[in-house]
Amino acid sequence: MEDDRVYQDHSLEFEISNFIKVWISVVASLCYCYGAAKLTPKGLPRLLTFLPVVFLFLALPLKLHSMHLGGLSCFFIAWLANFKLLLLAFHKGPLSDPSLSFPQYLAIGCFPIKIQQNPTPKHQKTSQNGQNIESPSPKTAKRGHKSLSNYAVKALLVAAFVRIYDYSDHIHPKLILVIYCFHIYFMLELMLAMIAALARATLGLELEPQFNDPYLSTSLQDFWGRRWNLMVTRTLRPTVYEPTLFFFTRVVGRELASLPAVFSTFVVSALVHELIFYYLGRKKPTWEITWFFLLHGACLVVEIGIKKALTGRCQLPRVISTPLTIGFVMVTGFWLFFPELLRCKADVRAFEEYAIVGAFLKDLIGDAAKFTHLNTTRV
């Protein structure tokens, strides 16, 4: 009987070893691009010097097999890093900022972070000895990054979800899919927040938030443009949306140009998501992911067209628009997105990884306790 374990041929040590090698290659490649950008003019000459790195970044995720290390790495490397390098080839995007130090360049190239263009305003506070002390404005801080308690609650909910899955045989499948929706969102936000916090602590930079409470979205435009995975939005805007907008402005005029620009952005996003799902499952695509994003792109184009026609004369109240928006995203996700996620056994593999890490930590704590006990008895 064939072993059901997904990682029967790959140990944790093998995956971590490959993970380290992959990221050493990424850092070395970004160093090369840093020097090449200084020596070659922007445009086609610089693009040609970057192309070997772009192709390498497309191949590197194939070295990884885990959902967490591999999934995040293919997102960071094959998508975000490549798009940032393509922008840098034309002296655009976050890597083209001349004020960046070399460590900042590497951090922005490797991770889904963006320096905040308008840092948190300061307000004056007077101390007891009469000196003025600058501190962040509480109103602005609240609008930016979440509090530690917010992340702690989401971490506890993820832990609760993992326990709930043990009883999935007694829970309606649709309810399990709803839990999957929140699980994916919470895990993605927590992991990206940890990376951003590390970058912020080591580089001393104010960074843009990566999520903005997508469950409060009042429309598809609000969900995709202002709340969900904002690093992707900020990357797709200069690489796809703005060039397409410029082209169609000359063809159909500024008023209508945003519609094909929006749809083109979703087409590119769909194709990149298909690539990421291939990295995760190594299976031939069914193109359901593509249809998911094309459907949302088409619906968003219709939504923008209606808003332009009504010019704000008719607007649904939030109590109606938010459930409609989130309901549409979840229903279409159940229909087109999650089947592909389950086809590559994302849930099974994620649980295996939790078990592997849990066993590793248990052994580590046990060995530490034994070592402490031995030292105590010797004394």
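Refer to the preceding data block for the structure.
Starting afresh in each chain, residues are numbered from 1 along the sequence in its written order. In keeping with the predicted nature of the model, local features appear solely for residues at pLDDT of at least 70, side-chain atom pairs appear and are counted solely at 80 or more, and the whole-chain, interface and lining totals rest on all residues. Heavy atoms throughout the structure, all of them, feed into the side-chain values; hydrogens and water do not.

*Asks:* I would appreciate a short explanation of the overall build of the protein in the present structure.
*Replies:* In this text, helices come from DSSP runs of H or I with a minimum length of four residues, and strands from runs of E with a minimum of two, each type numbered from the N-terminal end. Helix and strand content of the protein: 13 helices and 2 strands. Classification of residues uses two cut-offs on accessible area relative to the type maximum, computed with a 1.4 Å probe and protein chains only: under 20% is buried, over 50% is exposed, and between them is partly exposed. The buried share among the 379 residues of the protein stands at 42%. Only the protein chains shown count as cover for residues, and the accessible areas themselves come from Shrake-Rupley with a 1.4 Å probe. A total accessible area of about 21500 Å² is found for the protein, and carbon and sulfur atoms account for 67% of it.

*Asks:* What's the story with empty space enclosed by the protein in this structure? I'm lost.
*Replies:* To find leftover empty space, one rolls a probe the size of a water molecule over the atoms. Buriedness for pockets is judged along seven lines, at least five of which must meet protein on both sides within 12 Å for an open set on the 1 Å grid over protein atoms alone, while cavities are sets there where a 1.4 Å probe fits but cannot get out, and lining residues have an atom within 4 Å of a point. Grid points are joined across faces, edges and corners, and a volume is the space filled by probe spheres set on the points. Scanning all chains against the criterion turns up 2 cavities of 30 Å³ or more. The volume enclosed by the second largest cavity comes to roughly 30 Å³. Taken together, Pro61, Leu64, His65, Ser66, Gly70, Tyr279, Leu280, Arg282 and Arg349 make up the full set of residues lining the second largest cavity. For the lining of the second largest cavity, a count of residues per class yields 4 nonpolar, 3 polar and 2 charged. Under the grouping applied here, Gly and all other residues not named as nonpolar or charged are polar, the nonpolar ones being Ala, Val, Leu, Ile, Met, Phe, Trp, Tyr, Cys and Pro and the charged ones Asp, Glu, Lys and Arg.

*Asks:* Looking at this structure, I do not really get the environment of Glu274. What am I missing?
*Replies:* When you line up the elements, Glu274 lands in helix H10 (residues 254-281). Given a relative accessible area of 6%, Glu274 falls into the buried group. Considering only alpha carbons, one finds Glu274 and Ile289, 15 residues apart in sequence, at a separation of 6.3 Å. Setting aside its immediate chain neighbours within four residues, Glu274 contacts Pro285, Trp287, Glu288, Ile289 and Thr290. Contact definition: two residues touch when any of their heavy atoms are within 4.5 Å.

*Asks:* When you look at helix H9 (residues 230-252) in this model, what are you seeing that I'm missing?
*Replies:* Helix span, as expected, comes to 1.5 Å for every residue beyond the first. The end-to-end C-alpha separation of H9 is 29 Å, well short of the 33 Å expected for 23 residues at 1.5 Å each. Its axis deflected by about 50° at Arg237, H9 carries its strongest bend there, up to four residues before the proline Pro238. Three or more residues of H9 are buried, namely Leu230, Met231, Val232, Thr233, Thr235, Leu236, Val240, Tyr241, Thr244 and Leu245. In the core, the buried residues of H9 are packed alongside helix H3 (68-89), helix H8 (220-227) and H10. Just past H9, the residue Gly253 takes up positive phi, approximately 95°. Given a residue, its bend is the angle between the two axes fitted to the seven residues that end at it and to the seven that start from it.

*Asks:* Explain a nonpolar patch on the surface to me, please; I cannot follow it from the model alone.
*Replies:* A cluster of nonpolar side chains, contributed by Val357, Phe360, Leu361, Leu364 and Ile365, occupies part of the molecular surface with about 470 Å² of accessible area. Here Val357 shows up in helix H13 (residues 346-378). For Val357, a relative accessible area of 41% puts it in the partly exposed group. Patch definition: residues with relative accessible area over 30% and no salt bridge; like charges joined within 9 Å; nonpolar side chains (Val, Leu, Ile, Met, Phe, Trp, Tyr) joined within 5 Å. Salt bridge, as used here: a side-chain nitrogen of Lys or Arg that lies within 4 Å of a carboxyl oxygen of Asp or Glu.

*Asks:* What am I meant to see in unusual backbone geometry here?
*Replies:* Backbone geometry follows two general trends: most residues other than glycine have a negative phi, and most peptide bonds adopt the trans configuration. Its identity is not glycine, yet Asn229 carries a phi of approximately 40°, on the positive side. Counting through the fold element by element, Asn229 comes out in the loop between H8 and H9. Among the residues examined, Asn229 registers a relative accessible area of 9% and is labelled buried. A positive phi is found at Lys345, a non-glycine position, where the angle reads about 55°. Among the structural elements, Lys345 can be located in the loop between helix H12 (318-343) and H13.

*Asks:* Sorry if this is basic, but what is going on with the nonpolar core here?
*Replies:* Among the nonpolar cores identified, the biggest contains 95 residues, and Val26, Phe57, Trp79 and Leu85 are the most heavily contacted of them. Looking at this core, the element that brings in the most residues is helix H7 (residues 173-203), giving 16 residues. If we skip the residues at most four places from it in the chain, Val26 touches Phe57, Leu60, Ile77 and Cys110. Among the buried residues, those of types Ala, Val, Leu, Ile, Met, Phe, Trp, Tyr and Cys that are joined through side-chain atoms within 4.5 Å form a nonpolar core.

*Asks:* Would you mind showing me how to read the packing of H3 against H9 here?
*Replies:* In a packed pair of helices, the relevant descriptors are the angle between the two axes and the axis-to-axis distance. An axis is simply a line fitted to the C-alpha atoms; with a helix, the fit covers only the stretch in contact. Between two such axes, the angle follows the N-to-C directions and lies from 0 to 180 degrees. Two elements in contact, H3 and H9, have axes whose closest approach is 10 Å; the angle formed by their N-to-C orientations is 35°. Crossing handedness for the pair H3 and H9: left-handed. When H3 is examined against H9, the residues Phe75, Trp79, Leu80, Phe83, Lys84 and Leu87 are found in contact with a partner set consisting of Met231, Val232, Thr235, Leu236, Pro238 and Thr239. Of the residues assigned to the contact of H3 with H9, the class counts are 9 nonpolar, 2 polar and 1 charged. Handedness of each helix crossing follows the sense of rotation of the near helix against the far helix: counterclockwise by less than a right angle gives left-handed, clockwise gives right-handed.

*Asks:* I tried to follow the side chain of Thr325 on my own but got confused; where do I start?
*Replies:* Of note, Thr325 is situated in helix H12. Among the residues examined, Thr325 registers a relative accessible area of 7% and is labelled buried. Each polar contact in these results corresponds to two N or O atoms within 3.5 Å; when the atoms are within protein, one needs to be able to donate a hydrogen and the other to accept it, and residues that are neighboring in sequence are counted only if both atoms are side-chain atoms. At 3.3 Å, the side chain of Thr325 forms a polar contact with the backbone oxygen of Thr218. Those residues in contact with Thr325 that sit more than four places away from it in its chain are Ser217, Thr218, Ser219, Leu220 and Phe223.

*Asks:* Explain the pattern of salt bridges here, please?
*Replies:* Close approach of charged atoms lets side chains of opposite charge pair. Tallied over the full model, the rule gives 7 salt bridges. For the salt bridge of Glu189 with Lys154, the shortest nitrogen-to-oxygen distance reads 2.7 Å. With Glu189 in helix H7 and Lys154 in helix H6 (residues 148-164), this residue pair connects regions lying 35 residues apart in the sequence. The pair Glu189 / Lys154 is uniform in exposure class, with both members buried. One salt bridge connects Lys307 with Glu303, and the closest N-O pair in it is separated by 3.2 Å. In this pair, Lys307 and Glu303 both sit in helix H11 (residues 288-310), 4 residues apart, roughly one turn of the helix. Judged by its relative accessible area of 36%, Lys307 is partly exposed.

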